[in-house]
Amino acid sequence: MLHRHTVGDVMTEEVVTLRPTTPLHEAAALLDANDIVAAPVVDDAGDLVGVVSASDVLRHETGTPDPQGRGGTGEHVWSKARAQTAGELMSSPVFTARADWTIPRAARELRRRHVKQLPVVDADGLLTGIVTRSDLLDVFIRPDAEIRGQVEQDILGRMLGLDEGSVTVEARDGVVTLRGQVPQARLVPVIVGLCQGVDGVVAVDARLSRGRAD
């Protein structure tokens, strides 16, 4: 099988967390010291109960309402305005990811939820990591040499068993160009499809011909 990166491959496992009782000034200091945009809030059992973002803290300090209206209305808004701890300011429930999610699935969830990161939890709801937009982008912005190596070794060699050198592979800015001969014409769309499934590949230019009759 062709390896596809998952959230578990790219997530950060050492996560800066807050407790519900963490004072807001300490939460702000932790966010600033670690140069992060948000931190999960976990209880004594390790369960994820909320998240506090830098924008939450800034809005609290400046008295600016949430432009997307996620702060709620009425008493809920006033309680957040009076918040003194992470537990009182945090957003809950939290949108989360699982370690076995594919990168495209996580990317779609980030976009759909309009967030920059997702805490990663296990089957029991315990926090195991955090994945950000930049973590996901790193998968797609792969060195061309790495892409070429995966196509040559994993697809042409290990999966299809083609003779070494029968197909040459060039990768430039994520565009893979294939030149050479294959034993069967029906292999061409198979090779193209497999190459398109490689993380970081943006297009495939297959200049392949049949080397001998089927």
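One can find the structure itself at the top, above this paragraph.
Since this is a predicted model, take the numbers as computed values, not measurements. (Residues numbered from 1 in each chain as written. Predicted model: local features only at pLDDT ≥ 70, side-chain atom pairs only at ≥ 80, totals over all residues. Heavy atoms only, no water.)

Before going further, it helps to examine the overall build of the chain. Across its full length, the chain holds nine helices and seven strands. In the chain, which comprises 214 residues, the share counted as buried stands at 36%. For the chain, restricting intrachain contacts to residue pairs at least 6 apart in sequence, the fraction spanning at least 24 positions comes to 59%. Total accessible area on the chain stands at roughly 12,500 Å², and carbon and sulfur atoms take up 51% of it. (Helix = DSSP H or I, 4+ residues; strand = E, 2+ residues; numbered from the N terminus. Buried < 20%, exposed > 50% of the residue type's maximum accessible area, 1.4 Å probe, protein only. Contact = heavy atoms within 4.5 Å. Areas by Shrake-Rupley, 256 points an atom, 1.4 Å probe, with all protein chains shown as cover.)

Glancing now at the pattern of salt bridges. Within the structure shown, the criterion is met by eight salt bridges. In this structure, Glu 109 engages Arg 112 in a salt bridge whose closest nitrogen and oxygen atoms are separated by 3.2 Å. Note that Glu 109 and Arg 112 are positioned in helix 6 (residues 103-113) at a spacing of three residues, about one turn of the helix. With a relative accessible area of 52%, Arg 112 lands in the exposed category. Salt bridges sharing common partners tie together Glu 109, Arg 112 and Arg 113. (Salt bridge = Lys/Arg side-chain N within 4 Å of Asp/Glu carboxyl O.)

You can see Thr 22 is positioned in the loop between helix 1 (7-10) and helix 2 (24-33). Beyond its immediate sequence surroundings of up to four residues, Thr 22 is in contact with Ala 27, Gln 84, Thr 85 and Ala 86.

Listed in full, the buried residues belonging to helix 6 are Ile 103, Ala 106, Glu 109 and Leu 110. One face of helix 6 carries all of its buried residues, which in axial projection span an arc of 125°. Away from its buried face, by an angle of more than 90 degrees, helix 6 presents the exposed residues Arg 108, Arg 111 and Arg 112. Its buried side turned inward, helix 6 meets helix 1, strand 3 (117-121), strand 4 (127-132) and helix 7 (133-140). Just downstream of helix 6, His 114 is the residue with a positive phi angle, here 60°. (Arc of directions from axis to C-beta.)

Glancing now at the sheet that holds strand 7 (residues 203-210). Backbone hydrogen bonds are what pair the strands of a sheet, in a parallel or an antiparallel way. The strand order 5-6-7 describes an open sheet built from three strands, whose pairing is mixed. The open sheet has two edge strands with one neighbour each: strand 5 (167-172) and strand 7. Strand-to-strand twist of the sheet, defined as the mean angle between neighbouring strand axes without regard to direction, takes the value 10°. Pairing between strand 5 and strand 6 (residues 175-182): six bridges, direction antiparallel. Among the inter-strand pairings, Val 167 is bridged to a residue of strand 6, identified as Gly 180. In the packing of helix 8 (residues 144-159) onto the sheet, the strands contacted are strand 5 and strand 6, and the crossing angle to strand 5 comes to about 150°. Each of strand 6 and strand 7 is contacted by helix 9 (residues 187-196), which is oriented at about 155° to strand 7, the strand it contacts most. (Pairing = 2+ DSSP bridges. Axes fitted to C-alpha atoms, helices over the stretch in contact; angles between N-to-C directions.)

Now for the side chain of Thr 177. Topologically, Thr 177 is positioned in strand 6. Those residues in contact with Thr 177 that sit more than four places away from it in its chain are Thr 168, Val 169, Glu 170, Asp 205 and Arg 207.

This brings us to the pairing of strand 3. Burial analysis of strand 3 places five of its five residues in the buried class, which makes it a mostly covered element. The alternating pattern of strand 3 places Gln 117, Pro 119 and Val 121 and Leu 118 and Val 120 on opposite faces, both of which are buried. Here strand 3 runs beside strand 4; their pairing, made up of five bridges, is antiparallel. Counterpart to Pro 119 in the pairing with strand 4 is Ile 130.

Looking now at the layout of surface pockets. Empty space within the second largest pocket amounts to approximately 270 Å³. Residue lining of the second largest pocket: 17 residues in total, with Ile 36, Val 37, Gln 117, Ile 130 and Thr 132 positioned closest to the centre. Residue assignment for the lining of the second largest pocket shows that the elements contributing at least two residues are strand 1 (38-42), strand 4 and helix 7. Examining the composition of the lining of the second largest pocket, we find that three residues originate from one element, helix 7, more than from any other. Taken together, the residues that form the lining of the second largest pocket break down as seven nonpolar, five polar and five charged. (1 Å grid on protein atoms, 1.4 Å probe; cavity = no way out; pocket = protein on both sides within 12 Å on 5 of 7 lines; lining within 4 Å. Points joined across faces, edges and corners; volume = space filled by probe spheres on them. Nonpolar A, V, L, I, M, F, W, Y, C, P; charged D, E, K, R; others polar.)

So far we have only geometry, and geometry alone does not tell us how the molecule works.
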